[in-house]
Amino acid sequence: MRNRLLRLLGVLLALALLPAVVVGGPAPSRTPPNVLVIGTSIQDIVSLDPAQAFEFRSTWVVEHLYDTLVEFNREFNRALPNVAASWTASPDLKTYTFQLRSGVRFHSGNAVNAQAVEFSLRRVMRLKMSPAFIITDFVKAETDIAAVGSDQVRITFNQGMPEVLMASVLDNPVSSVVDPALVRRNAAAGDPEANKWLTENDAGSGPYILRRWTRNAIVELVAYDGYWRGRPSMGRIFIQDLIEPAAQLLALQRGDIDVAMSLLPGQYRQLATTPGFVVKRVPTFSIRYLAMNVGYEPFASRQVRNAVKYAVDYDAIKRIYEDAIDVGQTIVPARMFAHLPDRPYTRNVERARALMREAGREAGFRATLVVSTEVPLPDIAAKIKEDLAAINITVDVQVLRSADVLGIYRGRTHHMTIARWGADYPDPDNLAKAFADFDSRVLAWRNQWDHPVKRVVQQAVQESDRAKREALYKEIQKVVLEEGPYVIFAYPLRQIAMRTNVKGVDPSPLAETFDLTNASKE
Amino acid sequence: MWAYIVRRVALASLAIAGVLVIVFFLSHIIPGDPVAAILGPQAPNDVIEDLRRRWGLDRPVHEQFVRFVVRLARGDLGDSLATHRPVIRDLREFFPATFELATAAILIGALTGLAVGVVSAVARGRPLDHAVRFLSLIGLSMPVFWLGLILLYIFYYRIPLLPGPGQLDIFIARPPWVTGMITVDALLARDGGALINALGHLLLPAVVLGSHALVGIARITRASMLEVLGQDYVKVARAKGLAERTVILKHALRNGLLPIITVIGIYYGGLLEGAVLTETVFAWPGLGRYATSAILSQDFAAIMGVTIVIALIFSLANLIVDLAYGLLNPKIRYE
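Everything in this summary refers to the structure shown in the same document. What you are looking at is a predicted structure, and each value in this text was computed from that prediction instead of being measured. (Residues numbered from 1 in each chain as written. Chains lettered and ligands numbered in written order. Predicted model: local features only at pLDDT ≥ 70, side-chain atom pairs only at ≥ 80, totals over all residues.)

## A short note on the interface of chain A and chain B
Step number 1: Taken together, the contacts link 54 residues of chain A with 61 residues of chain B.
Step number 2: Contributing elements (two or more residues each) for the side of chain A that touches chain B: α1 (2–17), α2 (19–22), β10 (236–241), α9 (245–254), α15 (402–410) and β17 (416–422) of chain A.
Step number 3: Among the elements that take part in the side of chain A that touches chain B, α1(A) stands out by supplying nine residues, more than any other.
Step number 4: Counted by class, the side of chain A that touches chain B contains 29 nonpolar, eleven polar and 14 charged residues. (Contact = placed C-beta atoms within 7 Å. Helix = DSSP H or I, 4+ residues; strand = E, 2+ residues; numbered from the N terminus. Nonpolar A, V, L, I, M, F, W, Y, C, P; charged D, E, K, R; others polar.)

Structure below.
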């Protein structure tokens, strides 16, 4: 009897586990040839409205739904025509007149014309959302953007704009051209610019149409047959939310995704030597640095700041990053216009101690280093603590949430912090303003470093002669390198892993993304 | 019984209000800048200040609290700083996925746990009992995150029996949104393909999420059954010549169910709010991930919204457990 009961309970147990065997079934082991499936985290997508999108994945999707007037070449040193077929600039480079390409149509079928461009850029200025500063820093009034007839747009900037700087503004996703008719049709009381509607819908003319976006799950794009450059080769693109790197790796190995974008450095290394997979790496236009607040008395001394620069073990930091960085020490990253490749600092404890002596700080001091929990920052902080102990600086490391670290950094109450800066646009102006111009109220301001080099920053952005401009930015970099309150230790590498049949996928140094229109499969 | 329910609901409301007050002030006292956290390190100061003003975060905490209460009274939880949408809409979107996952998990955990616990009790001291106890020890000490990855590796990659992360294969159209739970929506839409695929996707995360509940329920079932099996009325039942199956399932299990039901209720509440690791491994777009990102970025409105949902769930689970006692044991009276 007891055995029968055990058998019965065994059957019950088997029934509970039965679904494991009968439901589901394996997913397809390869994605179809005209479909590209990308695995990454899409949790940062909060809006697909070009006037609001400012996160990496949001702007990435927006770039493929919309067109801009101009675009950059691959080297980020020349502007190329896009919706604007050509342009002319006034001698002072303040006013640009763009001649629009004919025959470009929105996904709705409406024509892309000068009124649409005027409407779109003015709309960004009216909405004043996160990325609006990219336009409003250079265009002061809505009326400075004006349609001239139906095929010309005239934009008057508040300063002379060398072509690269003009393209930095107008190639940015915030400058996308939206379909005014759709925006007006979907405007609502309290939301006259249809921001809520555009957050989840597309009103563009770009190579892809938004089929669906399910938050924290999937973005699906379909190729736009009427795209003016011709239909892209990938008919459908899925960007699947796979937040966990190990799960992402399994999906790539299994063949459920073609491209993995957020693996760990070790996983990229593993795939790079695995047949059937390719890993592409590119140094990014972003910087990791240790900031020292000049408002904290010991760091007011240039010698102390430089002592810290000589005390840090840059090679050890590279090892902590598992080699997923390029070591660089200047504020304009490699591959960007006017990059200064100088790397004067290597760990030299004797030199660092001498500088501390010179500053009268031989006995050392205490300082707090706040870092976020983001891997591997706590490890880097521990290494820096060890490095600085050698020159008698006692570091108290505080590991906090990003929100707390940012609050402290913006409140200028830190002694030291480890932070990052990614170029908002691919021009040295963006980095020079952040790191060297106190009046821009960004990083120099946060670290209370008010140096006369800010005037060079303000001069460089106005300079129209390319060679002179380059010289000015190199001068700025040299000053920041020698006197600034930053220990710049890394230009992070961007890595993407894919199956070998995927072609045309090249990571961009500017964003954590790549151009989907060039992607194809063999 | 109705008077009892009304009294319990009133008490639960008081408890929820207390939780809300505590969570509101705690989340505001913790240092940090939610706007800066959400906009990132590069957002210009004027944009941050403008947004802070627009969201009322520049006002004193007590003023923000009053505004929160007034809005709550109107059924408005405010807008999330991170998603820029009404929190109520976020909850409506993310909660069903977690509810579906946690329900599947507790079903697997409770059914299997009960079966294992009873088997173990009946086979007390025999190799089967030892094996079950050994396995449950392993199960209890296995981190959910690790278990999820191991099961994915085995059943998705190595022996490709089951689909991978996500709620549905990307090539399968989602059934029209009715409840937000894909399996239920597929059933309502009579979409067999989507239903089977969604069940396949649900299985692994549900097993992982339900694993700790399974072990806990199995252990409490075994203990409860052992206690009941030694009672006089079980001996009498056996002496009367009743079939062993009847003795175990009708006389022993039914009487041993009270503590088991309590444990199931507690686990269910916990699963609904504690699914973040499982949701992360299996790319499940649920409340756990939403809550975690809200906490990390100090998204006050979202934190309060999630707190309300969790407090409601725990209160409801407790109430249901208490009511279930009466059904299981007619001697229990609600006063």
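## Observations regarding the packing of helix α13 (residues 287–296) of chain B against helix α14 (residues 300–328) of chain B
Residues and elements named next belong to chain B.
Step number 1: Orientation of α13 relative to α14, taken along the N-to-C sense of each, is 140 degrees, at an axis distance of 9 Å. Considered as vectors, α13 and α14 are oriented oblique to each other. Two packed elements cross with a definite hand, and for α13 against α14 that hand is left-handed. Along its contact with α13, which presents L287, Y290, A291, A294 and I295, the element α14 presents A302, I303, V306 and V309.
Step number 2: For the contact of α13 with α14, the residue count by class is nine nonpolar, no polar and no charged. (Axes fitted to C-alpha atoms, helices over the stretch in contact; angles between N-to-C directions. Parallel < 35°, antiparallel > 145°, perpendicular 65-115°, else oblique. Left-handed = near helix turned anticlockwise from the far one by under 90°.)

## Remarks on the pairing of strand β7 (residues 152–156) of chain A
All names here are of chain A.
Step number 1: Alternating positions in β7 separate cleanly, V153 and I155 being buried on one face and Q152, R154 and T156 remaining unburied on the opposite face.
Step number 2: Relative to β7, strand β5 (residues 95–100) runs antiparallel, the two being bridged by five bridges. What sits directly across from F98, in β7, is V153.
Step number 3: Direction of pairing for strand β6 (residues 145–148) relative to β7: antiparallel, over a ladder of four bridges. Opposite A147, over in β7, you have V153 as the bridge partner. (Buried ≥ 20, exposed ≤ 12 C-beta atoms within 10 Å, placed from the backbone. Pairing = 2+ DSSP bridges.)

## Section: the nonpolar core
Step number 1: Counting 260 residues, the largest nonpolar core has A:V259, A:F435, B:L101, B:A102, B:A105, B:I217 and B:L271 as its most contacted members.
Step number 2: Contact partners of B:I217, with chain neighbours within four places excluded, come to B:G109, B:A110, B:G113, B:L114, B:G117, B:I260, B:V263, B:I264 and B:Y267. (Core = buried A, V, L, I, M, F, W, Y, C linked by C-beta atoms within 7 Å.)

## With respect to the environment of B:L168
All names here are of chain B.
Step number 1: Tracing the backbone shows L168 in the loop between α7 (144–158) and α8 (182–188).
Step number 2: Sequence-wise, L168 and H201 are 33 residues apart; in three dimensions their C-alpha atoms are separated by 6.2 Å.
Step number 3: In this structure, L168 is in contact with R174, I182, A194, N197, A198 and H201, ignoring residues within four places of it in sequence.

## Details of helix α14 (residues 377–389) of chain A
Step number 1: With 13 residues, α14(A) should cover 18 Å at 1.5 Å per step; its first-to-last C-alpha distance of 18 Å lies within 8% of that length.
Step number 2: Residues of α14(A) that are buried sit in contact with β13 (286–292), α11 (302–311), α12 (314–320), β15 (365–372), β16 (393–400) and β17 of chain A. (Expected span 1.5 Å × (residues − 1).)

## A word on unusual backbone geometry
Residue and element names in this part refer to chain A.
Step number 1: A cis amide bond links V375 with the next residue in sequence, P376, at an omega value of 5 degrees.
Step number 2: Backbone geometry places K128, a non-glycine residue, at a positive phi of 50 degrees.
Step number 3: Turning to its location among the elements, K128 is positioned in the loop between α4 (114–127) and α5 (133–136).
Step number 4: One non-glycine residue, R441, lies in positive phi territory at about 55 degrees.
Step number 5: Its location among the elements puts R441 in the loop between α16 (428–436) and α17 (443–446).

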